[in-house]
Amino acid sequence: MISAVSRSTRGRRYTLESRSGNGVASMTTGGRVELIALLGLMLLGVPERALLAPERPDAGPPKVTGPQEVDVVAVLMDQWTQQPTVLLQGKRDKRSLVMAIGLAEATGIAVPLQGATPPRPLTHDLFLTLFGRLKVTVARVVITDLREDIYYATIYLTANGAGMQLDARPSDAIALAIRAKAPVLVEDRVFDKASARPPRGGPSI
């Protein structure tokens with residue numbers, strides 16, 4: 001095998017030539033650089049699939065569930081049934097809940113909602129006065145369920161540092177909460193069941 005080295009007079013190009021019985025093979029400096037780069041890529045390997053995959057958009061915060069506080073918006077008269085109703089609206093998702101109530105219950109809610117003072121204490125005023133004398137505080141009320149066209153609620157009380165729960169009609173619970181300035185909450189399942197419930201007349205709380 002005969003090898004020869006030649007230098008160009010016009011630049012810095014170096015040529016290595018080797019002659020053998022099979023022919024002539026030559027490699028320039030630029031060719032060697034390309035070969036080294038190719039070998040480097042082979043040694044480094046292909047990037048992981050996770051690096052090649054496009055970034056996924058943020059999934060966002062998880063959906064909040066459970067009872068949500070509501071605003072007692074108004075006591076209204078249903079034009080179709082001519083029956084009083086109380087309108088509640090969720091503070092978290094702005095869903096509305098309309099419950100049919102009796103005339104007496106409507107008065108018990110509407111009076112404190114409008115900031116009016118009756119000439120004589122109503123039943124809920126009397127209860128709240130009794131709670132105050134006994135050092136009992138209305139912590140919150142929760143409308144817990146809707147079953148067979150009837151709404152259910154729980155009143156949470158605090159007495160001497162201990163908690164108590166009372167089963168109650170939502171109308172009474174709402175009337176007490178407004179007077180005590182306690183929050184009114186509604187379970188998510190109540191909103192779901194009420195939205196799927198066909199409209200009917202008659203008291204539901």
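Below you will find a few notes about this structure.

So, how was this worked out
Residues numbered from 1 in each chain as written. Predicted model: local features only at pLDDT ≥ 70, side-chain atom pairs only at ≥ 80, totals over all residues. Heavy atoms only, no water. Helix = DSSP H or I, 4+ residues; strand = E, 2+ residues; numbered from the N terminus. Contact = heavy atoms within 4.5 Å. Areas by Shrake-Rupley, 256 points an atom, 1.4 Å probe, with all protein chains shown as cover. Phe/Tyr/Trp six-rings, centres within 6.5 Å; stacked < 30°, edge-to-face > 60°. Lys NZ or Arg CZ within 6 Å of the ring centre and 35° of its normal. Pairing = 2+ DSSP bridges. Axes fitted to C-alpha atoms, helices over the stretch in contact; angles between N-to-C directions. Buried < 20%, exposed > 50% of the residue type's maximum accessible area, 1.4 Å probe, protein only. Parallel < 35°, antiparallel > 145°, perpendicular 65-115°, else oblique. Left-handed = near helix turned anticlockwise from the far one by under 90°. Nonpolar A, V, L, I, M, F, W, Y, C, P; charged D, E, K, R; others polar.

Within the protein one finds six helices and ten strands. Long-range pairs, those at least 24 residues apart, make up 48% of the contacts in the protein with a sequence separation of at least 6. If you sum the accessible surface of the protein, you get close to 14600 Å²; carbon and sulfur atoms cover 57% of it.

With that settled, the discussion passes to the environment of L97. Tracing the sequence through the fold places L97 in strand β6 (residues 96-100). Taking the C-alpha atoms as reference, L97 lies 9.9 Å from T85; in sequence the two are twelve residues apart. Excluding its chain neighbours within four sequence positions, the residues that come into contact with L97 are V86, L87, L88, Y151, V186, V190, F191 and A194.

Turning our eyes to something else, we now look at the packing of aromatic side chains. Inspection of every chain in the model, using the stated rule, returns one aromatic pair. Here the guanidinium or amino end of R147 rests over the ring plane of Y152, the centre of that ring lying 4.0 Å away.

The seven strands lie next to each other as β6-β5-β4-β10-β7-β8-β9, forming an open sheet whose pairing is mixed. Edge positions in the open sheet fall to β6 and β9 (162-168), since each of these has one partner strand only. In this sheet, neighbouring strand axes are inclined to one another by 35° on average, regardless of whether the strands run parallel or antiparallel. Where helix α3 (residues 103-113) meets the sheet, its contacts fall on β4 (68-77) and β5 (84-90), and the angle it forms with β4 comes to roughly 115°. Sheet strands in contact with helix α6 (residues 188-195) are β4, β5, β6, β7 (136-147), β8 (150-159) and β10 (184-186), and its direction is about 40° off that of β7.

Position of T154 relative to the elements: it lies in strand β8. Ignoring sequence-local partners within four residues, the contact set of T154 consists of R140, V141, V142, T144, Q165 and L166.

A few words on the side chain of R179. Considering the arrangement of structural elements, one finds R179 in helix α5 (residues 170-180). Those residues in contact with R179, other than ones at most four positions away along the chain, are G108, P112, L122, H124, D125 and L128.

Right, let's get into unusual backbone geometry. Only a minority of non-glycine residues have a phi that is not negative, and only a minority of peptide bonds are not trans. A positive phi is found at K94, a non-glycine position, where the angle reads about 65°. With respect to the element layout, K94 can be found in the loop between β5 and β6. If you check the backbone angles, E148 has positive phi at about 50° while not being a glycine. Here E148 is to be found in the loop between β7 and β8. Here E148 falls in the exposed class, since its relative accessible area comes to 78%.

As a packed pair, helix α4 (residues 123-133) and α5 sit with axes 10 Å apart at the nearest point and diverge in direction by 60°. In terms of orientation, α4 lies oblique with respect to α5. In the crossing of α4 with α5, the sense of the turn from one axis to the other is right-handed. Side by side, α4 and α5 meet where H124, D125, F127, L128 and F131 of the first sit next to D172, A175, L176, R179 and A180 of the second. Along the lines of polarity and charge, the residues of the contact of α4 with α5 split into six nonpolar, one polar and three charged.

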